[in-house]
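As a plain string of letters, each chain reads:
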Amino acid sequence: MQSRTESGFSLIEVMITSFILAVGLLGIVALQGIAKKSLADTDKQIQASFLARTALEELRADTRWLTANSIAAQNTVITDILTNAASSVSLNNMALCRNITGLGLGLGSGTVTFAVSWQIKNAASSSGAANGAACGQAVDNRRQVVLTSLISEAI
């Protein structure tokens, strides 16, 4: 009698291979959701960074606020200067706050802090930080980009 050499795959080998392939494909599908969420977060961070930098550059470009004769006048001029930045921030469903210390009214140089925040997806609604010392502090249910810079009246 001649012996036949059998070739091919058994049913168990095919089932095990199919199971391993299915587990791998399910892992790839799950990673797509994570990657999409990460991409959305990164996009918001890029937008917020751009908007904070734009606000800072507008404040540096227009120095009228440095020569204001009172804090109230200075705040009015700063609000006027940042009108475009504030509208861009609100169009992107974000909030902008600012804190300016040690500048204007003959105080020399100081720091400017801008924080652009946005609501975390699927979280309870909360508002962004207010202008002043609280600007740049952590806010519940919100993420933010904080930009702090030194500005001198000599510029």
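Basis of the calculations
Residues numbered from 1 in each chain as written. Predicted model: local features only at pLDDT ≥ 70, side-chain atom pairs only at ≥ 80, totals over all residues. Heavy atoms only, no water. Pairing = 2+ DSSP bridges. Helix = DSSP H or I, 4+ residues; strand = E, 2+ residues; numbered from the N terminus. Axes fitted to C-alpha atoms, helices over the stretch in contact; angles between N-to-C directions. Contact = heavy atoms within 4.5 Å. Expected span 1.5 Å × (residues − 1). Buried < 20%, exposed > 50% of the residue type's maximum accessible area, 1.4 Å probe, protein only. pLDDT = per-residue confidence, 0-100. Arc of directions from axis to C-beta. Parallel < 35°, antiparallel > 145°, perpendicular 65-115°, else oblique. Nonpolar A, V, L, I, M, F, W, Y, C, P; charged D, E, K, R; others polar.

Let's shift gears to the sheet that holds strand 3 (residues 142-151). Taken together, three strands build an open sheet; the order of strands is 1-2-3 and the sheet is antiparallel. Looking at the sheet topology across the chains shown, the edges are occupied by strand 1 (94-101) and strand 3. Each strand of the sheet is rotated relative to its neighbour by a mean of 15 degrees, with strand direction disregarded. Examined bridge by bridge, strand 1 and strand 2 (residues 110-119) share eight bridges and lie antiparallel to one another. Paired with Cys97 across the bridge in strand 2 is Ala115. Each of strand 1 and strand 2 touches helix 3 (residues 83-91); the most contacted strand, strand 1, lies at about 145 degrees to it.

Moving on to helix 1 (residues 11-61). Taking 1.5 Å per residue as the helical rise, helix 1 with its 51 residues ought to reach 75 Å, and the 74 Å between its terminal C-alpha atoms agrees with that figure. Among all positions in helix 1, only Ala48, Leu51, Ala52, Ala55, Leu56 and Leu59 are buried. Elements in contact with the buried residues of helix 1: helix 2 (71-81), helix 3, strand 1, strand 2 and strand 3.

A separate point is the confidence of the model for the protein chain. Parts of the model with low pLDDT should not have their predicted coordinates read in detail. This prediction gives the protein chain a mean pLDDT of 82; 88% of its residues lie at or above 70. Summarising per-element confidence for the protein chain, the mean pLDDT is lowest in helix 2 (83) and highest in helix 1 (90).

Time to look at helix 2. Here helix 2 has its buried residues at Gln74, Val77, Ile78 and Ile81. An end-on view of helix 2 places all buried positions within 100 degrees of arc, on one side of the element. Among the exposed residues of helix 2, those pointing more than 90 degrees away from its buried face are Ala72 and Thr76. On the buried face of helix 2, the contacting elements are helix 1, helix 3 and strand 1.

Time to look at the pairing of strand 2. Most of strand 2 is tucked away: eight of the 10 residues are buried. Two strands pair when backbone bridges link them, and strand 2 and strand 3 are joined in this way by 10 bridges, in the antiparallel orientation. Looking at strand 3, one finds that Thr113 is bridged to Thr148.

Relative to each other, helix 1 and helix 3 sit at 170 degrees, their axes nearing to 9 Å. On the basis of the axis angle, helix 1 is roughly antiparallel to helix 3. Side by side, helix 1 and helix 3 meet where Leu51, Ala55 and Glu58 of the first sit next to Asn84, Ala85, Ser88 and Val89 of the second. By residue class, the composition of the contact of helix 1 with helix 3 is four nonpolar, two polar and one charged.

This paragraph deals with unusual backbone geometry. The residue Asn93 is not glycine, and still its phi comes out positive at about 55 degrees. By secondary structure assignment, the location of Asn93 is in the loop between helix 3 and strand 1. Classification of Asn93 by relative accessible area gives exposed; the value is 62%.

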